[in-house]
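Per-entry structural report
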Amino acid sequence: MNLMDRFKERARKAGKTIVLPEGTDDRTLKAANAAVKEGVFKPVVLGNPDKISKRCEELGIEMNFEVLDHLKADFFDKYAEFYYQKRKAKGITKEEAEEIMKDPLFFGAMMVEDEKADGSVAGALNTTAHTVRAALHIIGTKPGSKTVSSFFLMITQNPAFGVDGAMLFADCAIVPNPTAIQLAEIAIDTADNCKKFLEVEPKVALLSFSTKGSANHPDVDKVREALEYIKTRRPDIVVDGELQADAAIVDSVGKKKAPGSPVAGNANVLIFPDLDAGNIGYKLTQRIGNAAAIGPVLQGLNKPCNDLSRGCSWQDIVDTGVLTVIQTL
Ligand SMILES: CC(C)(COP(=O)(O)OP(=O)(O)OC[C@H]1O[C@@H](n2cnc3c(N)ncnc32)[C@H](O)[C@@H]1OP(=O)(O)O)[C@@H](O)C(=O)NCCC(=O)NCCS
Ligand SMILES: CC(=O)OP(=O)(O)O
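What you see is a predicted model, and the numbers here were worked out from it, not measured in a lab.

**Structural notes on the pattern of salt bridges**
The full count for this structure, using the stated rule, is 25 salt bridges. The partner of Asp26 in a salt bridge is Arg55, with the nearest N and O atoms 2.7 Å apart. Of this pair, Asp26 sits in helix α2 (residues 26–38) while Arg55 sits in helix α3 (residues 49–59), and the two are 29 residues apart along the sequence. Relative accessible area serves as the criterion here: at 25%, Asp26 is assigned to the partly exposed category. With relative accessibility at 31%, the residue Arg55 sits in the partly exposed group. Asp114 serves as the salt-bridge partner of Lys116, at 3.3 Å between the closest nitrogen and oxygen. Classification of Lys116 as partly exposed rests on a relative accessible area of 38%. What emerges from the salt-bridge pattern is a single network uniting Asp26, Lys54, Arg55 and Glu58.

Below, the structure written as structure tokens:
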């Protein structure tokens, strides 16, 4: 059984509800239909039931999932009031709170906050910034965490990498220019998610254009500082840096450039130094390397609200929904 099938098996047993706010998107409707057929989660799609029913007919799929017209929901006013109370100190008025709650992404995040859904998945139509803002404003960070970031589960074609080809890449979607402490927090959360998702000991590489002093630059200093912070805060994590990508994942190069490193050559978690590197790196691995890229799965939030790339397929939406279920376990 491959990794995704194993996740699906776990998700089936969990019986969780996932809200899919983008009911005007065909891929979302196909994903909801498939999630029900596969029994991996119970989707609640936000939108107008008549329009969605008509669109499902046109697409040749059964509307076998729940549709919620959030604009007519009994709890709409309660959610608008919650948002107003939470954001009034930031200058939001009651009228603005009502307008914002009409946005299905904000309403979906509210359903997760209110435990009407176990998690949400959106971003097929909306940008990451918009999707993440809804989660930041409504769900917020988990206790003890200051940084919301994300990871991609990358399932590569080469079983020599990571765990049978599967690795975690972070952060590829959220924090544009992390400080050393933010970089460390991204690495710690991703290491914990490696344990949760891949069920192996994480080996975390802090990536750079330098390996162990081969170059000197303030950007390299930031990575070294992050390493020291992780070692102090979480001495249990197997981590090393700064490492170039080849030294991190190719055994022979790792041995040459970073002899004695506990990570070099066999990293299963790659931490990129900034969002330029992370976003470009995952998309090249996905498109040139033919890897499956599932996510971005958000981490550091108090409850699971996940994003998608606008370039996603309906299968990616199902897979991200499945990962969202795993997050709740
Ligand atoms: C994530 C992002 C939208 C946050 O932007 P922002 O302008 O800070 O958003 P807001 O001002 O609405 O932030 C809401 C709150 O969350 C906080 N916040 C912002 N980013 C945060 C993060 N990564 N972790 C924790 N809190 C964060 C803000 O400080 C703010 O706090 P406040 O309400 O107490 O003032 C922004 O960093 C971004 O656009 N990132 C890049 C996304 C992207 O385009 N990725 C590439 C494609 S995937
Ligand atoms: C994660 C990501 O890059 O999202 P998008 O492709 O929608 O910008």
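On we go.
**Some remarks on the site of ligand 2**
Taken together, Thr128, Phe152, Asn279, Tyr282, Lys283, Pro296, Ser309 and Arg310 make up the full set of residues adjacent to ligand 2. Here an oxygen atom of ligand 2 and a side-chain polar atom of Asn279 are 3.0 Å apart. The separation between an oxygen atom of ligand 2 and a polar main-chain atom of Arg310 is 2.8 Å. Sorting elements by how many residues they give to the shell around ligand 2 places helix α12 (residues 275–287) first, with three residues. Split into classes, the residues belonging to the shell around ligand 2 amount to three nonpolar, three polar and two charged.

Here is what the cut-offs are and how they apply
Residues numbered from 1 in each chain as written. Chains lettered and ligands numbered in written order. Predicted model: local features only at pLDDT ≥ 70, side-chain atom pairs only at ≥ 80, totals over all residues. Heavy atoms only, no water. Salt bridge = Lys/Arg side-chain N within 4 Å of Asp/Glu carboxyl O. Helix = DSSP H or I, 4+ residues; strand = E, 2+ residues; numbered from the N terminus. Buried < 20%, exposed > 50% of the residue type's maximum accessible area, 1.4 Å probe, protein only. Near = heavy atom within 4 Å. Polar contact = N/O pair within 3.5 Å; in protein donor to acceptor, adjacent residues only side chain to side chain. Nonpolar A, V, L, I, M, F, W, Y, C, P; charged D, E, K, R; others polar.

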